[in-house]
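Inside the fold
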Amino acid sequence: MSDEHPPADSKLTTSKRRWAAEGKFLTGRISRPETERLPPGQHLVKNWPVLDLGQQPVIPLDTWRLEVRGLVETPLDLSWAAFQALEQSTKVSDIHCVTTWSRYDNNWNGVSTRDLLDLAMPKPEASFVMLTSYDGYTTNLPLADFAAEDAILATAWESLPLTRDHGGPMRLVVPHLYFWKSAKWLRRIDLIAADQAGFWEKNGYHIYGDPWREQRYTDD
């Protein structure tokens, strides 16, 4: 294609420009030096501890679905095959659990949350997301954090399919928040206008969960 005749703007590129102009997906996070890589109160581990609500749902891939709905231009209802057909991304990030462990340099493969949002097209009034998992777990976070550059809907960890105990076949990973915000066994993503508390947020955990501010519990 000639450079003299660039492709016409699509709804997607127009929306991306609007998001950029509004700072829609800017979280205000900054790069931290190595000496500040570990959040306060955390300790490093080499393994990956398993935490859940006491059940690990079995989700056959032929019945797996992911819905994106609420304040979006294009609601999505994706099968596993359709999800796998989306553009795939690789991310490397540290993770931090509210129970005080952190693990560095995790390699993830899956679908970037930004790429998923490009398909769903958030409406201007969408400011938060509510996540619902196959085990009934829910958690909330601002849309800007869900759409962080390193956030990913992960299907593989360290080049291997994500195991069921760690949220497989697919989980969310939002590395800059405590890991309870990175819902396992993700089933539905609702874009909403006002913040709402999820499971742990209703049971004493902080509404936001920034590890560097030690926002572990409601009054932190």
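This part covers the overall build of the protein chain. Check the secondary structure of the protein chain and you find 4 helices and 11 strands. Counting across all 220 residues of the protein chain, residues that qualify as buried make up 48%. Sequence separation of 24 or more characterises 71% of the internal contacts of the protein chain that already satisfy a separation of 6 or more. Summing over all exposed atoms, the protein chain offers an accessible surface of approximately 10,900 Å²; the carbon and sulfur share of this is 53%.

This next bit is on helix α3 (residues 113–120). Of the positions making up α3, those classed as buried are T113, L116, L117, D118 and A120. One side-chain oxygen at the N-terminal end of α3 lies 3.2 Å from the backbone nitrogen of R114; it belongs to S112. Of the residues flanking the end of α3, it is M121, one or two places downstream, whose phi is positive at about 60°.

Let us look at the side chain of S182. Mapped onto the elements, S182 comes out in the loop between β10 (171–173) and β11 (186–192). Each residue touching S182, except ones within four places of it in the same chain, is listed here: R171, L172, V173 and V174.

This paragraph deals with the pairing of strand β3 (residues 76–79). On β3, burial follows the alternation: L76 and L78 on one face are buried, whereas D77 and S79 on the facing-out side are not. In textbook terms, the turn of a hairpin is the stretch between consecutive antiparallel strands, and for strand β2 (residues 65–70) and β3 this stretch comprises 5 residues.

Rules of the game
Residues numbered from 1 in each chain as written. Predicted model: local features only at pLDDT ≥ 70, side-chain atom pairs only at ≥ 80, totals over all residues. Heavy atoms only, no water. Helix = DSSP H or I, 4+ residues; strand = E, 2+ residues; numbered from the N terminus. Buried < 20%, exposed > 50% of the residue type's maximum accessible area, 1.4 Å probe, protein only. Contact = heavy atoms within 4.5 Å. Areas by Shrake-Rupley, 256 points an atom, 1.4 Å probe, with all protein chains shown as cover. Polar contact = N/O pair within 3.5 Å; in protein donor to acceptor, adjacent residues only side chain to side chain. Pairing = 2+ DSSP bridges.

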